[in-house]
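Coordinate inspection notes
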Amino acid sequence: MTDEILRVTDLSTRYFTQEGQVNAVSSLDLRIERGEVFGIVGESGSGKSVTARSIMNLIESPGEITGGSVEYRNAEFAEAVVDDYPDAVDGEFVDLLEVPSRVRQSLRGTSFSMIFQDPESSFNPTITVGEQLAEAVEVQRRASARPRSTRARTDDYSLGEYLLSTVLSSRRYVSEESRERAIELLELVGIPDPVERADEYPHEYSGGMLQRAMIAQALAGEPDVLVADEPTTALDVTIQAQILDLLDELQEETGMTILLITHNLGVIARMCDRVGVMYAGEIVERGTLEDIFDDQVHPYTEGLLGSVPDLDGAGGRLQPIPGNVPSLLDHEMGDRCHFADRCPKAMEDCLEHPPEYPADGSDHHAARCVLAETEYDDARALPDDYFDGTDRPAGDKHVGPDERDEEPDDDRRHPPAETTGGEHQ
Ligand SMILES: Nc1ncnc2c1ncn2[C@@H]1O[C@H](COP(=O)(O)OP(=O)(O)OP(=O)(O)O)[C@@H](O)[C@H]1O
Ligand code: NI
């Protein structure tokens, strides 16, 4: 029997930009089991971060979740909200997109936590790092002080307590215990001189330090589910390995469920139980590590595997897959397999958008590719120049090197395979 903790169904997120509608995430399904580490991997701009933010319901204008559900399983939470939001509840599952943000926020930190790709976004610049961590610890303390009742967490905030908490939060640390825990957490993520660093403000931290502090912050509430978007990309390889070890350890200790987002297959191989390979806003192949690394069906997965960057050495790089990640603009996407124009095995069959087919291997193995069903047949192959003209309006999808912008050329963050700089909120 499965023990699903997170059930994402038919999730779609669009950005309504001046250039048109961007289909950042399209009809995405995910089933994540309690205690597993599920990886999402894909090139830059494939929709990984938007998926993570959609799951946390953190999509901002001009973006919008246009359909689907994100169901979190927590019997107490379901019981606490079922009277007020019966439509959001299905057994022990609650659709987080169907409850108001106030209710959802009661889950932040203690049930759900997120590590963002850009650490700045998760810190308040005017409060010291130590205080912010202590506050996160305090939230967890309050939650567990009311014996596991989510209702208490959402409703029972009496005026007295409210006043007390506002008074207290103007004090330097919410409590000495929380301050100690905050320092412990800083130490845990490898920040030197944690006692002194706790009193510093976010801008006094380097990018790598802030990323570690953010991990400490995300872990402070001892979440059930941690969504980690490129948790180690800004860090040098030694620290990367250290942080991954730390996540691994904590995961084993606490049984926390992790949704890990990365473009690094080395990280996937090291951390994950199951993987979803993302391309153009869709999961194009999913399966266990073995399915994906040894038995992959989708030529995109194969392309990503072209060269697995190693964590320990310099020079490990993804081998670029020829061509570019599509723009995801609705009017440019067409109704074919979105990878067909870059695929060495594109056939006539690929001019229709493929559904997800079961693939040989584990029950979990599936691919959005006709090759899961049919043998590759040279006789039906599309000519090499098939997509050179008509399918690609005004060559928009070929972003030349001089047109790339937005993000600094940080190789660790964007290996050569990744061309169009994904935007980060
Ligand atoms: N605020 C925004 N406005 C418009 N488009 C956006 C916005 N945020 C993301 N997108 C678009 O959504 C698509 C998916 O972006 P996303 O950031 O999820 O990619 P990613 O897989 O996380 O890439 P990376 O590896 O670079 O982080 C991209 O086409 C991106 O341009
Ligand atoms: Ni991203």
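Residues numbered from 1 in each chain as written. Chains lettered and ligands numbered in written order. Predicted model: local features only at pLDDT ≥ 70, side-chain atom pairs only at ≥ 80, totals over all residues.

Across its full length, the chain holds 14 helices and 13 strands. Out of the 425 residues belonging to the chain, those deemed buried represent 45%. For the chain, the proportion of contacts with a sequence separation of at least 24, taken over those separated by at least 6, is 68%. (Helix = DSSP H or I, 4+ residues; strand = E, 2+ residues; numbered from the N terminus. Buried ≥ 20, exposed ≤ 12 C-beta atoms within 10 Å, placed from the backbone. Contact = placed C-beta atoms within 7 Å.)

All right, on to the nonpolar core then. Counting 102 residues, the largest nonpolar core has Val 94, Leu 133, Leu 186 and Val 277 as the members making the most contacts within it. At nine residues, helix H9 (residues 207-220) tops the list of elements feeding residues into this core. Among residues more than four places away in sequence, those in contact with Leu 133 are Ala 182, Leu 185, Leu 186, Ala 216, Gln 217 and Ala 220. (Core = buried A, V, L, I, M, F, W, Y, C linked by C-beta atoms within 7 Å.)

Tracing the backbone shows Asp 10 in strand E1 (residues 4-17). Placed 60 residues apart in sequence, Asp 10 and Val 70 show a C-alpha to C-alpha distance of 9.1 Å. Setting aside chain neighbours within four positions, we find Asp 10 in contact with Ser 27, Asp 29, Gly 67 and Gly 68.

Our focus in this paragraph is the sheet that holds strand E11 (residues 282-288). The strand order across the open sheet built from eight strands is E7-E8-E9-E3-E10-E11-E13-E12, with neighbouring strands paired in mixed fashion. Of all the strands in the sheet, the pair left with one neighbour each is strand E7 (112-115) and strand E12 (357-358). Packed onto the sheet, helix H1 (residues 48-55) meets strand E3 (37-41), E7, strand E8 (225-229), strand E9 (257-262) and strand E10 (274-279) and runs at close to 150° relative to E8. (Pairing = 2+ DSSP bridges. Axes fitted to C-alpha atoms, helices over the stretch in contact; angles between N-to-C directions.)

Two pairing modes exist for strands in a sheet, parallel and antiparallel, and in both the strands are linked by backbone hydrogen bonds. An order of E2-E1-E4-E6-E5 is seen for the five strands of this open sheet, with the pairing classed as antiparallel. Lying at the two open borders of the sheet, with one neighbouring strand each, are strand E2 (20-33) and strand E5 (89-90). Of the strand pairs in this sheet, E5 and strand E6 (residues 93-95) are connected by two bridges, and their pairing is antiparallel. Counterpart to Val 89 in the pairing with E6 is Val 94. Running at roughly 65° to E2, H1 makes contact with E1, E2 and strand E4 (63-73) of the sheet.

Sheet faces and side chains relate simply in a regular strand, where the side chains alternate between the two faces. Going residue by residue along E7, you find Phe 112 and Met 114 tucked away on one face and Ser 113 and Ile 115 tucked away on the opposite face as well. Inspection of the sheet shows E7 paired to E8 by four bridges, in the parallel sense. The partner of Ile 115 across the bridge, within E8, is Ala 228.

Let us now look at H9. With 14 residues, H9 ought to run about 20 Å at 1.5 Å a step, and its terminal C-alpha atoms sit 20 Å apart, in line with that. By the criterion of burial, H9 is predominantly enclosed, with 12 of the 14 residues buried. For H9, the full list of buried residues reads Met 209, Leu 210, Gln 211, Arg 212, Ala 213, Met 214, Ile 215, Ala 216, Gln 217, Ala 218, Leu 219 and Ala 220. Positioned one or two residues after H9, Glu 222 has a phi angle of 45°, which is positive. (Expected span 1.5 Å × (residues − 1).)

Quick look at the pairing of E9 now. Across the six residues that make up E9, a large majority, six, are buried. Alternating positions in E9 separate into two faces, Thr 257, Leu 259 and Ile 261 on one and Ile 258, Leu 260 and Thr 262 on the other, with burial throughout. Pairing analysis gives five bridges linking E3 to E9, with the strands arranged parallel. From the neighbouring strand, Phe 38 faces E9, where its bridge partner is Leu 259. Note that E8 and E9 share five bridges and pair parallel.

Two packed helices can be described by the angle between their axes and the distance between those axes. In contact at an axis separation of 9 Å, helix H7 (residues 176-188) and H9 are set at 130° when each is read in the N-to-C sense. As judged from the angle between their axes, H7 and H9 are oblique. In this structure, H7 crosses over H9, and the sense of that crossing is right-handed. Residue-level inspection shows Leu 185, Leu 186 and Leu 188 of H7 in contact with H9, the latter providing Ala 213, Ala 216, Leu 219 and Ala 220. (Parallel < 35°, antiparallel > 145°, perpendicular 65-115°, else oblique. Left-handed = near helix turned anticlockwise from the far one by under 90°.)

Let us look at H7. Given 3.6 residues to a turn, an α-helix orients residues that are three or four positions apart in the same direction. Counted at 1.5 Å a residue, the expected span for H7 with its 13 residues is 18 Å, and the 18 Å between its end C-alpha atoms agrees. Of the residues flanking the end of H7, it is Gly 190, one or two places downstream, whose phi is positive at about 85°.

Another point: unusual backbone geometry. Following Ser 61, the chain continues into Pro 62 via a peptide bond in cis, with omega recorded as 10°. Relative to the helices and strands, Pro 62 is located in the loop between H1 and E4. Non-glycine residue Ser 27 carries a positive phi angle of around 40°. For Ser 27, the position within the fold is in strand E2. Its 16 C-beta neighbours within 10 Å are what place Ser 27 among the partly exposed residues. For Asp 193, which is not glycine, the phi torsion reads 50° and is therefore positive. Examined against the element boundaries, Asp 193 turns out to sit in the loop between H7 and helix H8 (194-197).

With that out of the way, let us pick up the confidence of the model for the chain. Per-residue confidence for the chain gives a mean pLDDT of 83; residues scoring 70 or more make up 81%. In the model, residues 309-316 has pLDDT below 50 throughout and makes 15 contacts with residues more than four positions away in sequence or in other chains. Throughout residues 391-425 the model reports pLDDT below 50, and contacts reaching past four residues in sequence, or to other chains, amount to 56 contacts. Predicted complex, confidence summary: ipTM 0.99, pTM 0.83. (pLDDT = per-residue confidence, 0-100.)

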